[in-house]
Amino acid sequence: MTDLPASVDVLLRAPRTVLPPPAVRGRLRKAHGLTQAQLAEALEVKRLAVTRWESGDAEPRGQRREAYARLLAELSALYPAALAASADKSVEMPP
């Protein structure tokens, strides 16, 4: 029989790529002038998948999650106002 608590510990220690909150994801994309269709094409998914990621209805998995997290991290560095907008809804972002 396996050591179940140890198995759970392994799962808890596994690294997990953290994504910004769904509302911030769309703001970052728009700040860089990207459409959902462009992002979907780059990540080889349908535009609906990007819509669902940005609304919080779904999360990307595997390599797509890693790539999306990398893109969002870079965009966060380029557009810090998009992150601030999540705390202060009055900040205007480009359309």
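Each chain has its residues counted from 1, running along the sequence as written. Only residues with pLDDT of at least 70 are given local features in this predicted model, and only at 80 or more are side-chain atom pairs given and counted; all residues enter the totals for whole chains, interfaces and linings. As a rule here, side-chain values come from all non-hydrogen atoms in the structure, and water together with hydrogens is ignored.

**Q** Please clarify how the environment of T35 should be interpreted in this entry.
**A** Mapped onto the secondary structure, T35 falls in the loop between α2 (22–31) and α3 (36–43). On a C-alpha basis, the gap between T35 and R47 in space is 9.2 Å, while along the polypeptide they are twelve residues apart. Helix and strand assignments follow DSSP, with helices taken as H or I runs no shorter than four residues and strands as E runs no shorter than two, numbered in order from the N terminus.

**Q** Which parts of the structure should I look at to understand the environment of V24?
**A** Among the structural elements, V24 can be located in helix α2. When its relative accessible area of 2% is taken as the criterion, V24 is described as buried. Distance in space between the C-alpha atoms of V24 and S55 is 9.8 Å, their sequence separation being 31 residues. Only protein chains enter the area calculation, which uses a 1.4 Å probe; residues under 20% of their type maximum are buried, those over 50% are exposed, and those in between are partly exposed.

**Q** Looking at this structure, I do not really get the confidence of the model for the protein chain. What am I missing?
**A** It should be kept in mind that the predicted coordinates are not to be read in detail where pLDDT is low. The pLDDT value tells you how sure the predictor is about a given residue, anywhere from 0 up to 100. On average, the protein chain scores 87 in pLDDT, and the residues at 70 or more come to 87%. Any two residues whose heavy atoms approach within 4.5 Å are treated as being in contact. Below a pLDDT of 50 lies the segment residues 90–95, which in the model reaches ten contacts outside its immediate sequence neighbourhood of four places, other chains included.

**Q** What exactly am I supposed to notice about helix α4 (residues 47–55) here?
**A** Given 3.6 residues per helical turn, the α-helix brings residues three or four places apart onto the same face. Among all positions of α4, only V50, W53 and E54 are buried. Along the axis of α4, the buried residues cluster in a sector spanning 95°; they form a single face. One or two steps after α4, the chain reaches G56, where phi turns positive at roughly 85°. In this context, the arc is that of the directions from the helix axis out to the C-beta atoms.

**Q** Would you mind showing me how to read the packing of α3 against α4 here?
**A** Helix-helix packing: each pair is described by the crossing angle between the helix axes and the interaxial distance. A fitted line through C-alpha atoms represents every axis, and for helices the fit uses only the stretch in contact; the resulting angles, taken between N-to-C directions, go from 0 to 180 degrees. Between α3 and α4, the least distance of the axes is 8 Å, while the angle of their chain directions is 110°. One element, α3, and the other, α4, form an angle in the roughly perpendicular class. Counted together, Q36, A37, L39, A40 and L43 of α3 and R47, V50, T51, W53 and E54 of α4 form the full contact between these two elements. Broken down by class, the residue content of the contact of α3 with α4 amounts to six nonpolar, two polar and two charged. When an angle is under 35 degrees it counts as roughly parallel; over 145 it counts as roughly antiparallel; between 65 and 115 it counts as roughly perpendicular; any other value is oblique. Each residue is assigned to one class: nonpolar for Ala, Val, Leu, Ile, Met, Phe, Trp, Tyr, Cys and Pro, charged for Asp, Glu, Lys and Arg, and polar for all the others, Gly among them.

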